[in-house]
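Understanding the architecture of this molecule
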Amino acid sequence: AYIFPMLAMGEPSEHNYKVKKDDWEYTYRHREGAWHVEAGTKIGPVEVMYRHADLRTTLENRIKFTAKLFSLGDKDEWGKVKVSGRVEYRHFTVGPNHWRARFITDYERTIYGSVTGWIKWQPRVSFKNGTQVFDARDQLGIKFKYNNLTIAPFYERSSVRHYDIKYYVAGAHITYKL
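So, how was this worked out
- Residue positions are given per chain, counting from 1 as you read along its sequence in written order.
- Totals for whole chains, interfaces and linings use all residues, but because this is a predicted model, local features are given only for residues with pLDDT of at least 70 and pairs of side-chain atoms are given and counted only at 80 or more.
- Note that the side-chain values use all heavy atoms of the structure and ignore hydrogens as well as water.
- Strands here mean DSSP runs of E at least two residues long; helices mean DSSP runs of H or I at least four residues long; both are numbered from the N terminus.
- The quantity called the radius of gyration is restricted to C-alpha atoms. Its globule counterpart is 2.2 Å times the number of residues to the power 0.38.
- Type-normalised accessible area, obtained with a 1.4 Å probe on protein chains alone, sets the label of each residue: buried when under 20%, exposed when over 50%, and partly exposed for intermediate values.
- Should any heavy atoms of two residues lie within 4.5 Å, those residues are counted as being in contact.
- Methods summary: accessible areas were calculated by the Shrake-Rupley approach with a probe of 1.4 Å, and residue burial reflects only the protein chains presented.
- Counting rule for charge: Lys and Arg are taken as positive, Asp and Glu as negative, and neither His nor the chain ends is counted.
- To locate a charge, take NZ of a lysine, CZ of an arginine, CG of an aspartate or CD of a glutamate.
- Under this definition, polar contacts are N or O atom pairs within 3.5 Å; protein pairs additionally need one hydrogen-donor-capable and one acceptor-capable atom, and for neighbouring residues in sequence, both atoms have to be side-chain atoms.
- For patch detection, residues must exceed 30% relative accessible area and be free of salt bridges, and they are connected within 9 Å for like charges or within 5 Å for nonpolar side chains (Val, Leu, Ile, Met, Phe, Trp, Tyr).
- We define a salt bridge as a contact between a side-chain nitrogen of Lys or Arg and a carboxyl oxygen of Asp or Glu at a distance within 4 Å.
- Scored from 0 to 100, pLDDT reflects the predictor's confidence in each residue.

Time to look at the overall build of the protein chain. When helices and strands are tallied, the protein chain shows 1 helix and 12 strands. Along its sequence from the N terminus, the protein chain presents helices and strands in the succession α-β-β-β-β-β-β-β-β-β-β-β-β. Relative to the globule expectation of 16 Å for 178 residues, the C-alpha radius of gyration of the protein chain, 17 Å, shows essentially globular dimensions. Considering only C-alpha atoms, the protein chain reaches an extent of 55 × 45 × 30 Å along its principal axes. Residues counted as buried form 34% of the 178 residues belonging to the protein chain. For the protein chain, restricting intrachain contacts to residue pairs at least 6 apart in sequence, the fraction spanning at least 24 positions comes to 34%. With an accessible surface of roughly 11,300 Å², the protein chain has 61% of that area assigned to carbon and sulfur atoms. The average position of the 29 basic charges and that of the 20 acidic charges among the side chains of the protein chain differ by 2 Å.

Written out as structure tokens, the structure reads:
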């Protein structure tokens, strides 16, 4: 028997690799046997992204529309808050196709120099088979920036219903601007 059973269980991990050039963004994500690629750009104030994913038991094609609703503050002073809205359509080879909406609230504050701490809160509602299904994907991380490279390790809490914990994920966002 383990004295600390939580040490015997490995957390799922997620790795996100992004390349940005002008208004275009390309992403590859790998998470425990599932992966996706994305490509998109800004059209006016709206970011439009296409995603193709292999989710192990099904393939997904998704179109996402994201727009910043407002931002305030300064990350070097008290912190910066940005609120965005997203609507996406998810099409699967197996399972119900559906629309999903989410709010994305980002808070970022400079810790020292080019190092910032950040929190991302993402409550989501899926519209499946005539019902509404709530879940959330929230992250806490630290961001290190050096020239055009940003590395941001994070810890994520995924929850359902009334913020009942579904699972935790450790991961990283790695972004390079061309």
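So, about the side chain of Arg 31. By the element assignment, Arg 31 lies in strand β2 (residues 24–31). Polar contacts involving the side chain of Arg 31 include one to the side chain of Glu 156, which spans 2.8 Å. Every residue in contact with Arg 31, bar those within four places of it in the chain, is listed here: Ser 13, Glu 14, Arg 137, Glu 156, Tyr 167 and Val 169.

Taken together, the side chains of Lys 42, Lys 68, Lys 80 and Lys 82 define a basic patch exposed on the protein surface. Looking at where Lys 82 falls in the secondary structure, it is placed in strand β6 (residues 79–92).

With respect to the helices and strands, the residue Gly 44 is situated in the loop between β3 (34–43) and β4 (46–54). On the basis of relative accessibility, which here comes to 61%, the residue Gly 44 falls in the exposed class. Along the sequence, Gly 44 and Thr 150 sit 106 residues apart, while their C-alpha atoms lie 25 Å from each other.

What follows deals with the pattern of salt bridges. Opposite charge on two side chains lets them pair, provided their charged atoms get close. Across all of its chains, the model carries 19 salt bridges by this definition. Its salt-bridge partner being Arg 102, residue Glu 88 comes within 3.2 Å of it at the nearest N-O pair. Here Glu 88 is found in strand β6, whereas its partner Arg 102 is found in strand β7 (residues 98–112), with 14 residues between them in sequence. For Glu 88, a relative accessible area of 0% puts it in the buried group. A relative accessible area of 7% means that Arg 102 is categorised as buried. The partner of Lys 143 in a salt bridge is Glu 108, with the nearest N and O atoms 3.5 Å apart. With Lys 143 in strand β10 (residues 131–146) and Glu 108 in strand β7, the pair connects residues that are 35 residues apart, well separated along the chain.

Further remarks concern the confidence of the model for the protein chain. Averaged over all residues, the pLDDT of the protein chain equals 93, while 94% of them reach at least 70. When pLDDT is averaged over each helix and strand of the protein chain, the minimum, 46, is found for helix α1 (residues 5–8) and the maximum, 98, for β4.

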